[in-house]
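In case you want the letters, here they are:
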Amino acid sequence: MSVQSLVSKKKKSFIGLPAPLGYVPGLGRGATGFTTRSDIGPARDADDATDDRHPVPIKKSRNQEEEEEEDLSEANFDEFAGYGGSLCSKDPYDKDDEEADAIYEAVDKRMDEKRKERREEKLRQELERFRQERPKIQQQFSDLKRDLAQVSSDEWLSLPEVGDARNRKQRNARTEKFTPVPDSVLAKAAASSGMNPNLSAQDQKFGGLTSPFGTITPGFSTSSSDIDMRKIGQARNTLMDIKLTQVSDSVTGQTVVDPKGYLTDLQSMLPSHGGDINDVKKARLLLKSVRETNPKHPPAWIASARLEEVTGKVQAARNLIMKGCEECPKSEDIWLEAARLMPGDQAKAVIAQSARHLPNSVKIWIKAAELETELKAKKRVFRKALEQIPNSVKLWKTAVELEEEEDARIMLSRSVECCSTSVELWLALARLETYENARKVLNKARESIPTDRQIWITAAKLEEANGNTNMVEKIIDRALNSLRANMVEINREQWIKDAEDCEKSGSIITCQAIIRPVISVGVEEEDRKHTWMEDADSCASHQAYECARAIYGHALTVFPSKKSIWLRAAYFEKNHGSRESLETLLQRAVAHCPKAEVLWLMGAKSKWLAGDVPAARSILALAFQANPNSEEIWLAAVKLESENNEFERARRLLQKARASAPTARVFMKSVKLEWCLQETKTAKRLLDEAVGHYPDFAKLWMMKGQISEQAGKMEEAKEAYNQGLRKCPQSTSLWLLMSRQEEKLGHLTKARSIMEKARLKNPRSPELWLEAIRVENRAGLKNIASTLMAKALQECPNSGILWSEAIFMEPRPQRKTKSVDALRKCEHDPQVLLAASRLFWSERKLSKTRDWFNRTVKIDPDLGDAWANFYRFELMHGDERSQKDVLNRCTIAEPHHGECWCKLSKDIINWRLRTDELLPLVANSISIPT
């Protein structure tokens with residue numbers, strides 16, 4: 001058999017594979033094996049040897065994974081139960097056992113699901129409690145980490161480096177010194193004529209300098225005596241001397257080489273392009289391919305020229321762009337690029353050549369005018385351009401801007417003939433003409449462009465400017481009719497915007513004339529009131545107050561009996577109008593809405609603030625006739641008399657009010673007046689009468705207790721508070737007064753029990769929780785106060801007063817973290833914002849403190865505590881201007897709420913003080929945050 005046949009013979013498929021299961025070699029051909037003593041059992045026949053020798057593996061049971069031997073160690077032994085483990089661990093694991101295990105597993109799973117949520121919630125609460133008691137170091141430094149976001153790069157770079165712990169020898173390692181070998185040593189070595197008398201085996205075999213390949217090695221044929229190293233050194237010194245001479249000053253002999261700027265000079269010699277040189281080459285190659293493929297494509301030439309310009313090859317860029325102009329003479333962009341790249345005179349020549357190829361290009365003519373330096377030359381260029389392109393509005397506008405007023409008027413007269421559809425040219429001409437000629441110009445403009453509203457509006461403004469106010473409204477009405485006749489849609493928003501522009505330009509009558517007919521366009525009848533109020537607010541926000549006033553006026557003519565519109569218009573006049581306009585509006589308002597008490601009161605207050613007390617009395621008298629039993633009007637009249645020191649008249653008014661309109665507030669005001677005038681007996685008599693009529697009015701009980709407490713009769717005060725709480729258990733203020741009285745008497749336990757009882761009667765009351773916390777704090781029990789605060793925040797998680805107290809209960813390092821949590825829970829709560837402002841104040845971040853105080857008073861201007869803190873801050877860190885600004889803003893806002901504010905404003909001693917007098921007192925009582 002040949003070698004080829006052996007190679008081509010097919011290889012058996014089973015060679016190299018493992019034997020099949022139960023295979024016995026030789027069994028197929030009858031070669032049964034023999035049995036020895038090492039075998040178990042008797043010798044086997046050919047028929048039954050297969051199954052016993054290689055049995056099929058049995059499926060492993062679960063118990064085979066465990067240890068086969070029983071664990072008899074002491075660790076597995078119990079005195080009561082014996083050794084651990086299963087008694088049946090050695091028994092076989094069958095299907096019944098597997099089914100039983102599955103059932104028990106399902107039962108365990110079902111039992112585990114019961115109370116799973118409660119168990120997980122309990123575990124979560126314990127984990128939170130543990131983390132609060134023992135916070136991680138990472139949590140303690142979380143506020144500092146959050147501050148790292150505000151660190152600037154300069155502050156980061158100014159941080160000192162970490163100190164080097166190495167010793168001086170390690171820090172200041174000796175630098176390696178390299179001393180070049182002197183030329184004399186090299187020359188001496190070269191001139192050395194010492195010979196080696198011994199020959200190596202290679203020299204003997206190949207004959208000296210002959211290489212093994214039989215040729216002379218290059219370089220070795222030169223004699224060593226021809227190399228003069230001394231001359232090489234002299235030549236080097238000469239070359240260096242020449243270079244230094246070139247950069248030296250011939251006069252002083254001092255060098256002009258700047259060692260610091262040497263690298264900068266080298267860098268300036270490079271092209272300004274900062275990219276890779278390979279990218280430039282690739283871009284140049286691609287652009288060259290584009291130019292060769294399509295030479296009539298202008299962007300390819302422009303891009304190629306700009307690439308060369310960027311790489312610093314300006315002349316190459318100019319050559320390319322001029323070649324592009326030859327290839328694409330009708331391209332406007334390529335000529336403009338060529339004019340940009342060329343220097344002055346050459347640019348003029350290029351642009352002149354382009355004008356010959358493109359005489360109707362506006363951009364080229366404007367560029368030609370820009371290249372001229374003299375005004376006459378510019379005018380000459382524009383006149384030539386207008387000869388070529390007489391219908392270009394842009395050319396006419398640019399040319400007119402260069403002319404004097406008279407010449408401009410003449411040119412505009414010509415321009416409107418050439419460009420009769422240009423509104424801008426018509427309006428510009430009308431501005432330069434006299435009144436009569438301007439009217440003619442605008443009439444011609446309306447005939448030429450009947451669909452433009454600006455011409456009509458300009459005509460109305462022209463009539464208003466010349467005193468013809470009667471024509472303004474007629475012109476606007478004719479404009480709307482004409483535009484509708486010419487199928488022009490009346491866009492309501494555009495016309496309102498035009499009215500605002502008219503107001504800004506001083507045309508008030510035109511602006512009002514536009515608003516009145518346009519305000520109803522496209523508005524459904526049921527949406528008119530809502531839409532018009534939104535339009536008025538929008539105009540007021542744009543400072544277009546006359547437009548807003550016109551909208552309110554039109555709305556009041558359509559809805560004369562709507563109290564809400566009169567109120568909004570009155571508040572608008574109060575904020576943006578004059579006192580006279582407000583009083584005029586209120587007179588009209590009470591004529592249409594005589595039952596609106598607030599309008600009468602606003603009118604009376606306006607007169608009173610102006611110092612006209614008789615007029616205020618007359619307004620209130622008319623209000624009495626329209627509303628004979630109105631509590632608000634009675635109390636306003638009483639306030640007017642008491643503020644003007646007419647106490648007897650105020651008493652008579654209150655007596656009449658108690659007779660004709662007896663209400664709890666009337667009695668309360670009567671008691672307060674007597675209390676302020678030090679008539680405590682009369683006040684007590686009125687209180688006894690009042691609580692008989694109105695036992696569920698909590699303020700009467702409070703006043704009764706406070707009067708007794710002021711007189712030093714603590715038992716009477718306590719009895720009054722107890723009676724009041726029996727009648728008014730929901731009054732938080734009564735609970736607070738009673739608790740504070742017990743605390744003053746030193747009964748801390750009783751005050752604490754009163755607070756607990758109050759919380760039971762009034763759950764989820766933040767004021768009661770806050771007072772309970774402060775009771776513990778004042779007693780010095782900080783731990784109990786912290787526990788109460790945690791409970792309070794769980795019950796009232798969105799209470800701003802609780803969060804603001806919690807911030808300053810924390811240690812200083814953790815206050816910022818607490819403030820972040822408070823802002824996350826109560827983002828727009830004024831109390832939280834006030835606490836954050838005080839926190840920044842304590843850290844002396846003045847600008848940020850001022851910003852946060854402004855945010856606080858903007859969100860809630862009625863919070864007196866915010867104004868007091870702000871004013872105290874400005875007194876300490878601001879100037880006189882900022883202090884006056886805060887005082888004026890607070891006076892306008894007239895705040896009535898706030899813990900510190902109410903404590904002083906409701907004090908009987910301060911009952912006559914106004915806002916500007918009360919603010920410094922409250923500010924002085926504010927503690928400086930630390």
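Residues numbered from 1 in each chain as written. Predicted model: local features only at pLDDT ≥ 70, side-chain atom pairs only at ≥ 80, totals over all residues. Heavy atoms only, no water.

Named according to an unreviewed UniProt entry, the protein is Pre-mRNA-processing factor 6 originating from Patella caerulea. What the UniProt record of the protein gives under Function (unreviewed entry) is the line "Involved in pre-mRNA splicing as component of the U4/U6-U5 tri-snRNP complex, one of the building blocks of the spliceosome. Enhances dihydrotestosterone-induced transactivation activity of AR, as well as dexamethasone-induced transactivation activity of NR3C1, but does not affect estrogen-induced transactivation." (UniProt positions renumbered as here; feature names shortened; annotations may be inferred.)

Novice: Before we go on, may I ask you to explain the overall build of the protein in this structure?
Specialist: Counting its regular elements, the protein contains 51 helices and 2 strands. In the protein, which comprises 930 residues, the proportion classed as buried is 33%. Put simply, of all contacts in the protein between residues at least 6 apart along the chain, 51% involve residues at least 24 apart. Of the accessible surface of the protein, which amounts to about 61,000 Å², a share of 53% is contributed by carbon and sulfur atoms. (Helix = DSSP H or I, 4+ residues; strand = E, 2+ residues; numbered from the N terminus. Buried < 20%, exposed > 50% of the residue type's maximum accessible area, 1.4 Å probe, protein only. Contact = heavy atoms within 4.5 Å. Areas by Shrake-Rupley, 256 points an atom, 1.4 Å probe, with all protein chains shown as cover.)

Novice: Is there a simple way to think about the state of the cysteines in this case?
Specialist: Tallying each qualifying case throughout the model produces 0 disulfides. Sulfur of C502: no disulfide; nearest cysteine sulfur belongs to C511 and is 7.0 Å away. Exposure remark for C502: the relative accessible area of 2% places this residue in the buried category. (Disulfide = S-S within 2.5 Å.)

Novice: Can you walk me through the packing of aromatic side chains in this structure?
Specialist: In this description, a pair of aromatic rings is defined by centroid distance and the angle of the planes. Summed over all chains, the structure comprises 11 aromatic pairs. Measuring from ring centre to ring centre gives 5.4 Å for F853 and F870, while their planes differ by 20°; the resulting arrangement is stacked. One end of the pair, F853, is in helix α47 (residues 846–859); the other, F870, is in helix α48 (residues 864–877), with 17 residues separating them in the sequence. Three or more aromatic residues joined by ring pairs form one cluster here, namely W841, F853, F870 and F873. Here the basic side chain of R855 rests over the ring of W852, its NZ or CZ set 4.2 Å away from the ring centre. If you follow R912 out to its NZ or CZ, it ends over the ring of W911, 5.3 Å from the centre. (Phe/Tyr/Trp six-rings, centres within 6.5 Å; stacked < 30°, edge-to-face > 60°. Lys NZ or Arg CZ within 6 Å of the ring centre and 35° of its normal.)

Novice: Where do I start with the UniProt feature "repeat: TPR" (unreviewed entry) in the protein in this structure?
Specialist: In the numbering used here, UniProt assigns the feature "repeat: TPR" (unreviewed entry) to residues 698–731. Regarding residues 698–731, the helix share stands at 79% and the strand share at 0%, and the terminal C-alpha atoms are separated by 7 Å.

Novice: Honestly, the packing of helix α29 (residues 545–558) against helix α30 (residues 563–576) in this entry has me stumped. Any pointers?
Specialist: When two helices pack together, their arrangement is captured by the angle between the axes and the distance separating the axes. One can describe the packing of α29 onto α30 by two numbers: an axis separation of 10 Å at closest approach and a directional angle of 155°. In terms of axis orientation, α29 runs roughly antiparallel to α30. Once α29 is placed against α30, the crossing between them reads as left-handed. Side by side, α29 and α30 meet where Y545, A548, R549, Y552, A555 and L556 of the first sit next to I565, W566, R568, A569, F572, E573 and H576 of the second. Along the lines of polarity and charge, the residues of the contact of α29 with α30 split into 9 nonpolar, 1 polar and 3 charged. (Axes fitted to C-alpha atoms, helices over the stretch in contact; angles between N-to-C directions. Parallel < 35°, antiparallel > 145°, perpendicular 65-115°, else oblique. Left-handed = near helix turned anticlockwise from the far one by under 90°. Nonpolar A, V, L, I, M, F, W, Y, C, P; charged D, E, K, R; others polar.)

Novice: Would you explain the pattern of salt bridges in this entry?
Specialist: Two side chains carrying opposite charge are able to pair once their charged atoms lie near each other. All told, the structure shown has 48 salt bridges when counted by the stated rule. Across the salt bridge formed by R119 and D112, the nearest N and O atoms sit 3.1 Å from each other. The closest approach of N and O atoms between R124 and E121, which form a salt bridge, is 2.3 Å. You can see R124 and its partner E121 sitting in helix α4 (residues 116–133), 3 residues apart, about one turn around the helix. A single salt-bridge network, built from bridges that share partners, covers D147, K816, E843 and K845. (Salt bridge = Lys/Arg side-chain N within 4 Å of Asp/Glu carboxyl O.)

Novice: I keep staring at a nonpolar patch on the surface and nothing clicks. Help me out?
Specialist: Taken together, L148, V151, W156, L157 and L159 make up a surface patch of nonpolar side chains, about 540 Å² in accessible area. Counting through the fold element by element, L148 comes out in the loop between α6 (142–147) and α7 (153–157). (Patch = residues over 30% accessible without salt bridge, like charges linked within 9 Å, V, L, I, M, F, W, Y side chains within 5 Å.)

Novice: Explain unusual backbone geometry to me, please; I cannot follow it from the model alone.
Specialist: Negative phi values dominate among residues other than glycine, just as trans dominates among peptide bonds. Positive phi is not limited to glycine here, since M487 has a value of about 60°. By the secondary structure assignment, M487 is in the loop between α25 (469–485) and α26 (492–504). Located in the positive-phi region is R764, a residue other than glycine, with phi close to 60°. Mapped onto the secondary structure, R764 falls in the loop between α41 (748–761) and α42 (766–778). Using a relative accessible area of 59% as the deciding quantity, one classes R764 as exposed.

Novice: Is there a simple way to think about α47 in this case?
Specialist: Because the α-helix completes a turn every 3.6 residues, residues three or four places apart line up on one side. Taking 1.5 Å per residue, 14 residues should reach 20 Å; α47 reaches 20 Å between its end C-alpha atoms and fits that length. Listing the buried residues of α47 in full gives T849, W852, F853, T856 and V857. The buried residues of α47 occupy an angular sector of 135° when the element is viewed end-on, so they sit on one face. Residues S847 and K858 are exposed on α47 and point more than 90 degrees away from its buried face. In this fold, the buried residues of α47 make contact with α45 (812–825), α46 (830–842), α48 and α49 (880–893). (Expected span 1.5 Å × (residues − 1). Arc of directions from axis to C-beta.)

Novice: Can you help me understand the environment of L567 in this one?
Specialist: By the secondary structure assignment, L567 is in helix α30. C-alpha separation for the pair L567 and L585, spaced 18 residues apart in sequence, amounts to 9.9 Å. Look past the residues within four positions of L567 in its chain and what remains in contact with it is V598, L599 and M602.

Novice: Is there a simple way to think about a positive patch on the surface in this case?
Specialist: Together, K639, K669, K672, K699 and K906 give the surface a local cluster of positive charge. Mapping K906 onto the fold places it in the loop between α50 (899–905) and α51 (915–925). In this structure K906 comes out as exposed when scored by relative accessible area, which is 59%. (Lys, Arg positive; Asp, Glu negative; His and termini not counted. Charge placed at Lys NZ, Arg CZ, Asp CG, Glu CD.)

Novice: Whenever I open this one, the side chain of N762 confuses me. Can you help?
Specialist: Along the chain, N762 falls in the loop between α41 and α42. Discounting chain neighbours no more than four positions away, the residues touching N762 are P729, Q730, W735 and L768.

Novice: Mind showing me how you'd approach the packing of helix α37 (residues 680–693) against helix α38 (residues 698–710) here?
Specialist: The geometry of α37 relative to α38 is characterised by a closest axis approach of 10 Å and an angle of 150° between their N-to-C directions. In terms of their interaxial angle, α37 and α38 are classed as roughly antiparallel. The handedness of the crossing between α37 and α38 comes out as left-handed. Between α37 and α38, the contacting residues are A683, K684, L687, D688, A690 and V691 on the first element and L700, W701, M703, K704 and I707 on the second. Partitioning the contact of α37 with α38 into residue classes produces 8 nonpolar, no polar and 3 charged.

Novice: In this structure, what is going on with the nonpolar core? I would like to understand it.
Specialist: For soluble globular proteins, the rule of thumb is that nonpolar side chains tend to be buried together. Of all hydrophobic cores here, the largest spans 127 residues; its most connected members are L395, W495, I514 and L599. Among all residues touching W495, those that are not within four sequence positions of it are R453, I457, L480, L483, I490, I514 and V518. Residues L686, Y721, L770 and I807 belong to the second largest nonpolar core, which totals 49 residues. (Core = buried A, V, L, I, M, F, W, Y, C linked by side-chain atoms within 4.5 Å.)

Novice: What is the right way to look at the environment of V310 in this model?
Specialist: Secondary-structure assignment places V310 in helix α14 (residues 298–310). Put simply, V310 and V280 are 30 residues apart on the chain and 9.8 Å apart in space, counted from C-alpha to C-alpha.

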